[in-house]
Each structure stands twice: as structure tokens, then as C-alpha cells.
Amino acid sequence: MAEPITVAVRRGEIVEARHTVHAVAVRGGAVVSEAGDGGLLTFMRSAAKPIQALPVLRARPDLDDRELAIASASHLADPLQIGAVRSLLAKAPAREDELECGAVGEPPSALRHNCSGKHAGFLALCRARGWDSRGYRLLDHPVQRAMLAEVAAAADLREDEIPTAIDGCGVVNFALPLERMAHAFARFTELDGGARVAEAMRAYPALIRGPGAPDTVLMESLPGWIAKGGAEGLLCAAGPDGIGVALKVEDGGARAVGSAVAAFLGRLGHPLDQLESAPVENSRGELVGRICAD
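From a predicted model like this one, the values you see are computed outputs, not experimental measurements. (Residues numbered from 1 in each chain as written. Predicted model: local features only at pLDDT ≥ 70, side-chain atom pairs only at ≥ 80, totals over all residues. Heavy atoms only, no water.)

Chemist: Before we move on, can you summarise the sheet that holds strand β4 (residues 41-43) with the specific residues and values?
Modeler: The 3 strands are arranged β4-β6-β5 in an open sheet whose pairing can be described as antiparallel. Each edge of the open sheet is held by one strand with a lone partner, namely β4 and β5 (164-166). For this sheet, the mean angle separating the axes of adjacent strands, direction not counted, is 30 degrees. Relative to strand β6 (residues 172-177), β4 runs antiparallel, the two being bridged by 3 bridges. Within β6, the residue paired with T42 across the bridge is L176. On top of the sheet, helix α5 (residues 142-155) reaches β5 and β6; it is set at about 15 degrees to β6, its chief contact. (Pairing = 2+ DSSP bridges. Helix = DSSP H or I, 4+ residues; strand = E, 2+ residues; numbered from the N terminus. Axes fitted to C-alpha atoms, helices over the stretch in contact; angles between N-to-C directions. Contact = heavy atoms within 4.5 Å.)

The following block contains the structure:
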């Protein structure tokens, strides 16, 4: 097994913490680069969202790029992102109180939940297919059966090879080896609807997460790339040359993702200077250290 990436957190000149990161790159069905355990089984979390947008697009080809992007997003609830969620709900058509992601923020609102775009897409799928939308988040609902089938097909796995559990927003999530996630992203634009969803993500990278987020910065910096992060230190990406990448911070530390993806993509000839290091600041806003790959 190749050595994993190590991301160090320095306060002053002293290393205060280290994060171990596993990453793999796939092209044409073969591993072309690996750091750590490319076969690590872990949950795809929100990195699955672009794949989950595909059945929505096929059922609703009238969705525009902004609506497809927000269906693929883990947004930060800024006004433009909330506006895109509202647009997708209106087109479904569906109401805010039908969203089953839970309410967050102050005052509490389901619209503000970072997964509300995906959930609005699920409601649009229900309307298009004539399915009862109640309980659309549950494993035995047609929506979630469709999502499992879509992820399995993208990763070239059988559905019974994919363990499932409940994600943070209440829907089903999927566990795959990192190599299979990278494979799914490598072939994403070849999937039915994949080119259109990828185009939407590239057109609206700021909707996918927001300023400074590794997936948004990656898409803003590398022409033709798509990227989607997930909880617990996961990120998947794909380049225009048919390469797919999946990366996981072993301890789930999200602060290590940017430096790790910059280090791994740098090895592949895709420098990402904006993410190489991140500041460590104190409560006064003073720079007291840095986060970067060793």
C-alpha cells in the first residue's frame, strides 16, 4: 500500500495535530495513482449528490442549470442558494413543509438545511413519477430505491454490494470503496444525464458549496473539473481527461481536505495553489499557524 497523505496542523512552528488521508485516482477503469488505502470502504455522504441528481434530470429535463446545481449541492444558505432551492421547489411543484431534511438555523427552516436542494429534487422526482412523496427519505421508498440503483450502476457494483445507513439529512447513504467512488466520477459524464449535470456544476460552482470550500475552489480553479465534498472529510472529483478522484480524511477532519486534495492533485499534474495551505487563526483573527500537507 502506498503511503497515505499526512496533513499537519502547525501552531507557530510546532506540529499540534496530524491527519491521515487516503486518496485514489482512476482512469479507464484502472487505478493510476494511490495514497494510502484506495480500497477503503467508507460512506460517500454528500459526494453522491451529483449521481443522485441524474434520475431527477431524466424525469425533469426542463430543470435549468441553476436548479440542477442546487440539487447537487451542500449549500451554505446564502440568498442565491436559497433562491435556487425555492425555484426548484416551485418547479416540482412542492412546498417547503414537504422537505424531510429537518429545519435548521434561526428561525428554523428546512430551506436553510444544506441538503434542501437535493430534497427538493427528490420531490420533483416524486411529482414526475406519480409517487406519494411522504417518506421519500426512507429505504423502501421508490426514490431511495432509484438512488441506490443509480449509485450502483455508476460504480459498476451490484446493489447488494453496497452497505447503506442513514445520512445526516435523513435519507439513505451508501458505502463504497474509494476506488469505486473515483471510478464513478471518472465516468460521470458518460452516464445518462451526467454531461448535463456536470455542465450545471461547472456553471455554478458557488452554488455547490460556497466561498473557500474545497469543491467550489477546485471547480473555480481547474477548467473542466467537477468536484463534490461530503461530511467526515470526503471529496470526489473528475477532470476533463477522464480521471476520477476520491479522497477521505481518516479521522473525518474536514480542515484537512483542502490541503490533501491539493497535494494529491499536484502529484497528478494539476496544481491547486489556492488550497495548499489554510490559516489557523485565533479568536482575534490573528494568524497563529498553518494547515498543510507534510
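Chemist: Residue-level account of the packing of helix α1 (residues 49-59) against helix α7 (residues 194-203), with values.
Modeler: Look at α1 against α7: their axes get within 9 Å of each other, and the N-to-C directions meet at 120 degrees. In this view, α1 runs oblique relative to α7, as classed from their interaxial angle. Here the hand of the crossing between α1 and α7 comes out right-handed. Between α1 and α7, the residues in contact are P50, A53, L54 and L57 and G194, R196, V197 and M201, respectively. Class assignment for the residues of the contact of α1 with α7 results in 6 nonpolar, 1 polar and 1 charged. (Parallel < 35°, antiparallel > 145°, perpendicular 65-115°, else oblique. Left-handed = near helix turned anticlockwise from the far one by under 90°. Nonpolar A, V, L, I, M, F, W, Y, C, P; charged D, E, K, R; others polar.)

Chemist: Can you lay out the packing of helix α4 (residues 116-129) against α5 for me, pointing to particular residues and giving the numbers?
Modeler: At a closest axis distance of 10 Å, the pairing of α4 and α5 adopts a crossing angle of 110 degrees. Classified by the angle their axes make, α4 and α5 are roughly perpendicular. Across the interface between the two elements, F122, L125 and C126 from α4 touch V143, Q144 and M147 from α5. Split by residue class, the contact of α4 with α5 holds 5 nonpolar, 1 polar and no charged.

Chemist: Help me get a handle on the pairing of strand β8 (residues 234-238), residues and values and all.
Modeler: The buried count for β8 comes to 5 of 5 residues, which makes it a mostly enclosed element. Sheet analysis places strand β7 (residues 226-230) next to β8, joined by 5 bridges and oriented antiparallel. In the strand pairing of β8, I226 is matched with A238. Counted between consecutive antiparallel strands, the loop separating β7 from β8 contains 3 residues, among which E232 sits at a positive phi close to 65 degrees. Relative to strand β9 (residues 243-249), β8 runs antiparallel, the two sharing 5 bridges. Following the sheet pairing, C236 is matched in β9 by A246. Turn length for the β8-β9 hairpin, with the two strands adjacent in sequence and antiparallel, is 4 residues, and the turn residue G242 shows positive phi of about 85 degrees. (Buried < 20%, exposed > 50% of the residue type's maximum accessible area, 1.4 Å probe, protein only.)

Chemist: Which residues make up unusual backbone geometry, and what values go with them?
Modeler: The omega torsion of the bond from A92 to P93 falls at -10 degrees, within 30 degrees of zero and hence cis. Mapped onto the elements, P93 comes out in the loop between α3 (79-91) and α4. The linkage connecting E106 with the following residue, P107, adopts the cis geometry, with an omega of 0 degrees. Relative to the helices and strands, P107 resides in the loop between α3 and α4. The phi dihedral of E232 falls on the positive side, at around 65 degrees, and the residue is not glycine. Checked against the element boundaries, E232 lands in the loop between β7 and β8.

Chemist: Report on the environment of R95, specifying residues and quantitative values.
Modeler: Along the chain, R95 turns up in the loop between α3 and α4. Spatially, the C-alpha atoms of R95 and C115 are 15 Å apart, while their sequence positions differ by 20 residues. Among the polar contacts listed, one links the side chain of R95 to the side chain of D97, at a separation of 2.9 Å. (Polar contact = N/O pair within 3.5 Å; in protein donor to acceptor, adjacent residues only side chain to side chain.)

Chemist: Describe the packing of aromatic side chains, listing the residues and the values that go with them.
Modeler: Applying the stated rule across the entire model yields 2 aromatic pairs. Taking the centre distance of 6.1 Å and the plane angle of 70 degrees together, the rings of F122 and Y136 count as edge-to-face. One end of the pair, F122, is in helix α4; the other, Y136, is in the loop between α4 and α5, with 14 residues separating them in the sequence. Looking at F122, the relative accessible area reads 1%, which means it is buried. Taking the centre distance of 6.2 Å and the plane angle of 20 degrees together, the rings of F185 and F188 count as stacked. Judged by relative accessible area, which is 1%, F185 ranks as buried. (Phe/Tyr/Trp six-rings, centres within 6.5 Å; stacked < 30°, edge-to-face > 60°.)

Chemist: An account of the side chain of D65 is requested, with residue identities and associated values reported.
Modeler: Here D65 is to be found in helix α2 (residues 65-71). One polar contact links D65 to R196, side chain to side chain, over a distance of 3.4 Å. Residues in contact with D65, not counting those within four places in the same chain, are R196, E199, A200, A203 and Y204.

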